[in-house]
Amino acid sequence: MKTHIGDAVLELVEGDITKQDVDAIVNAANSSLLGGGGVDGAIHRAAGPRLLAECRTLGGCATGGAKITHGYNLKARHVIHTVGPVYRDGEHNEPALLASAYRTCLELASQNHCASIAFPAISTGVYGYPTEDAARIAFRTILDYLSAHSEIKLVRYVLYGAAPYAVHQRVLEQMLAE
Ligand code: ADP
């Protein structure tokens, strides 16, 4: 599914983020930035050991923040490592922290001349954010950013499996119709 926002495109695809041929891919990391499971493990395996070596120099990352590295063996030139919130009950600032994670990644992409960026569904794996709530926050933040920043031409949102793809497609279609 593709939608146009000015000159930019927001695209939903089902697939593996490590395979994306974009300027930057986003990693849903933990605050140590020293590797983990899920999408983080997959990105480190695909990028090779130099990625972890660079991450060791970064001093971790706060929840809602992001840091950028090279992409090494990936097709993407850069990896933007962000830390989404661990979901408790939605009353512990999780929505603002999740929006901040997306926004900070987009700001780093702009600053580093990345016109195309791919996101995974941050916080919706081990961190337990309900998929539909997380999708609304992600798309609101991305759509708002693209409306105000013409330097980003493509945001590809990569869902790992048919079920999360279907949920995200439904949420985005609803939001575009509102
Ligand atoms: P978090 O700790 O932020 O919840 P996870 O890595 O556990 O991060 O999960 C985030 C999302 O990334 C989940 O929806 C998971 O299904 C998805 N995911 C896992 N591997 C990949 C991959 N290779 N490409 C894209 N998405 C992935």
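S.K.: Lay out the site of the ligand in plain terms, naming residues and giving numbers.
M.R.: Not every one of the 14 residues close to the ligand is listed here, only the nearest: Val39, Ser123, Thr124, Gly125 and Val126. With respect to the ligand, the side chain of Thr124 contributes an N or O atom lying 2.8 Å from an oxygen atom. Out of a free accessible area of 560 Å², the ligand has 87% covered by protein chains. Per element, the largest residue contribution to the shell around the ligand is three residues, and it comes from helix α1 (residues 38-47). Considering only residue class, the shell around the ligand consists of eight nonpolar, five polar and one charged.

S.K.: How would you summarise the packing of aromatic side chains if you had to cite specific residues and measurements?
M.R.: If you walk through the whole model with that rule in mind, you get four aromatic pairs. Every member of this aromatic cluster is reached through a ring pair, and the members are Tyr102, Phe119, Phe139 and Tyr157.

S.K.: Tell me what's going on with the side chain of Gln20, and back it up with residues and numbers.
M.R.: Considering the arrangement of structural elements, one finds Gln20 in the loop between β2 (8-14) and β3 (24-28). Within the local environment of Gln20, its side chain forms a polar contact with the side chain of Arg156, the two groups lying 2.8 Å apart.

S.K.: So, the pairing of strand β1 (residues 2-5): which residues are in play, and what are the values?
M.R.: Judged by which residues are buried, β1 turns out to be one-sided: Thr3 and Ile5 face inward and are buried, whereas Lys2 and His4, on the alternate face, are not. Looking at chain direction, β1 and β2 are connected through four bridges and run antiparallel. Paired with His4 across the strands is Val9, a residue of β2. Two successive antiparallel strands, β1 and β2, enclose a turn made up of two residues, where Gly6 displays a positive phi of approximately 60°.

S.K.: Let's hear about the pairing of strand β6 (residues 116-119): which residues, and what values?
M.R.: Side chains Ser116 and Ala118 of β6 all project onto a buried face; the interleaved residues Ile117 and Phe119 project onto the opposite face, where all are buried too. Summarising the sheet, β3 and β6 pair through two bridges and their orientation is parallel. Note that in β6 the partner of Ile25 across the bridge is Ala118. Inspection of the sheet shows β6 paired to strand β7 (residues 154-159) by four bridges, in the parallel sense. Paired with Ala118 across the strands is Arg156, a residue of β7. Each parallel crossover has a hand, and the one from β6 via helix α4 (residues 131-148) to β7 is right-handed.

Criteria and thresholds
- Residues numbered from 1 in each chain as written.
- Predicted model: local features only at pLDDT ≥ 70, side-chain atom pairs only at ≥ 80, totals over all residues.
- Heavy atoms only, no water.
- Near = heavy atom within 4 Å.
- Polar contact = N/O pair within 3.5 Å; in protein donor to acceptor, adjacent residues only side chain to side chain.
- Areas by Shrake-Rupley, 256 points an atom, 1.4 Å probe, with all protein chains shown as cover.
- Helix = DSSP H or I, 4+ residues; strand = E, 2+ residues; numbered from the N terminus.
- Nonpolar A, V, L, I, M, F, W, Y, C, P; charged D, E, K, R; others polar.
- Phe/Tyr/Trp six-rings, centres within 6.5 Å; stacked < 30°, edge-to-face > 60°.
- Buried < 20%, exposed > 50% of the residue type's maximum accessible area, 1.4 Å probe, protein only.
- Pairing = 2+ DSSP bridges.
- Right-handed = clockwise from strand over helix to strand, strands pointing away.

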